[in-house]
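Inside the fold
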Amino acid sequence: MLHFYHGHHISVHRHSHNDGLTALRHTLDKRTVLDPPTHTLVRLAELVLTLNAFSFHNLFYQQVSGVAMGTRMGPRYANVFVGWVEERFFPSYTGYVPDLYKRYMDDCVGAATCSNDQLEFFLHHFTNFHPSLKYTVNISSTTLPFLDINFSINYPRLSTSVYYKPTDSHSYFLYSSFHPNHTKNSLLFSQFLGRRQLCSDDIDFKNQALEMYSFFINRGYPSSVLDRALARAKNTSRTINPIRNSRRNNRIPLVLPYHPNTLPIPRTINQNFSILRYDPSIRALFSDRPIISFRRPPNLRNLLVHSSLDRPQQPSTPGTLQQSSLYHLQVHIHHSLKVPQDNSGSPRQHLVPPATLFTVSLAVNAQPSTLEKQEGDSETASENTSGL
């Protein structure tokens, strides 16, 4: 019978951050290169954890428990802390240990071939080992969801498929949205490839891919584009590719806002790059074409949502152009550089019957985060908070 268990952090009071900082120090000391020093990084983490302030209804508040929602170090901090707790729990636990135990961040999944009493005994000790962690547990002898995966027992193996939360509306951005074509193509391939990797059965993958196909048809994607992405995913191995070592190069980056008037610039540069390459005065600087990439221009959120704090006006940086100048930039390039161009299978876990699926989730604390209130002038809440 397969058991799934999933846990959520409860609020951690300020003095309880001692364990979190201890876990962070323990992990950072394992680095082969201790630069920056561990004590410096731990001190910076302490400032992030304890100096969270926000305003609401003309009052300022300081968060005194948990980690501010949206903090970049929050997920990594949780991952380090739960891993540190595991390192202390398993060596000290002498009872039955499940045959399979895996964790992603603070969500755990496992499979056990034991009695229910043995499994519940393990889960009870595991979920109550540290006072700052509280878990919710799900157990099943047939099937259970874990993140976006649906596990089921197909003796003598575990089978996997795709799981959608009930609230998933499949609202992928429309094909008519103003995104680069390579972004849309990458979205299609990544979604089909995800189903290819999650589905352990080829027939199940075909059904899931057809369902995903219909989702994108409803968002206005052409069948020809979908067919190419699906065919590419079918011909890709289910085995997740290893991390590739990124190659460093000295190519100069050219970052442009994604705007109709900037789209011809990459083609113009490629067609006329020989001017720079063969000019004796600057060819040493431009030995290769620049890396051209686009950044997102301001969207509705940027235009409508503002901070309650006034930002000082930044002086214009030499070499930059305002958006109103983009058209003139395009015209200038076309007229001044017009020259002749040169130009599977995922590993499956074997289980001995009877097997049980289990998930463990960290449960959100029932009590609200503790806040210290201070009077102020601002009216807009600038940060959300969540217990960790």
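Each remark here, short or long, concerns the structure printed above.
Quick caveat: nothing in here was measured; it's all calculated off a predicted structure.

In this section: the sheet that holds strand 10 (residues 157–162). One open sheet holds the three strands; their spatial order is 8-9-10, and the pairing between them is antiparallel. With one partner strand each, in any of the chains shown, strand 8 (143–146) and strand 10 form the two edges of the open sheet. Neighbour-to-neighbour, the strand axes of this sheet turn through a mean angle of 30 degrees, independent of strand direction. Summarising the sheet, strand 9 (residues 149–154) and strand 10 pair through six bridges and their orientation is antiparallel. If you follow Ile149 over to strand 10, its bridge partner there is Val162.

Which parts of space are left empty comes out when a probe the size of a water molecule is rolled across the atoms. Approximately 30 Å³ is the volume attributed to the second largest cavity. Within the lining of the second largest cavity, the residues separate by chemical class into five nonpolar, one polar and no charged.

A separate point is the pattern of salt bridges. Overall, the coordinates contain four salt bridges when judged by the stated rule. Lys30 is the partner of Glu87 in a salt bridge, and the nearest nitrogen-oxygen pair spans 3.0 Å. Of the two residues, Glu87 sits in helix 3 (residues 73–92) while Lys30 sits in the loop between helix 1 (17–28) and helix 2 (38–50), which places them 57 residues apart along the sequence. Classification of Glu87 by relative accessible area gives partly exposed; the value is 38%. Across the pair Asp202 and Arg196 runs a salt bridge whose closest N-O atoms are separated by 3.4 Å. Exposure remark for Arg196: the relative accessible area of 12% places this residue in the buried category.

Our focus in this paragraph is unusual backbone geometry. Residue Pro36 follows Asp35 across a cis peptide bond; omega there is 5 degrees. Turning to its location among the elements, Pro36 is positioned in the loop between helix 1 and helix 2. Phi is positive for His170, close to 55 degrees, though the residue is something other than glycine. Following the sequence through the fold, His170 ends up in the loop between strand 10 and helix 5 (181–198). Taking the relative accessible area as the measure of exposure, His170 reaches 16% and is therefore buried.

Rules used in this analysis
- Residues numbered from 1 in each chain as written.
- Predicted model: local features only at pLDDT ≥ 70, side-chain atom pairs only at ≥ 80, totals over all residues.
- Heavy atoms only, no water.
- Pairing = 2+ DSSP bridges.
- Helix = DSSP H or I, 4+ residues; strand = E, 2+ residues; numbered from the N terminus.
- Axes fitted to C-alpha atoms, helices over the stretch in contact; angles between N-to-C directions.
- 1 Å grid on protein atoms, 1.4 Å probe; cavity = no way out; pocket = protein on both sides within 12 Å on 5 of 7 lines; lining within 4 Å.
- Points joined across faces, edges and corners; volume = space filled by probe spheres on them.
- Nonpolar A, V, L, I, M, F, W, Y, C, P; charged D, E, K, R; others polar.
- Salt bridge = Lys/Arg side-chain N within 4 Å of Asp/Glu carboxyl O.
- Buried < 20%, exposed > 50% of the residue type's maximum accessible area, 1.4 Å probe, protein only.

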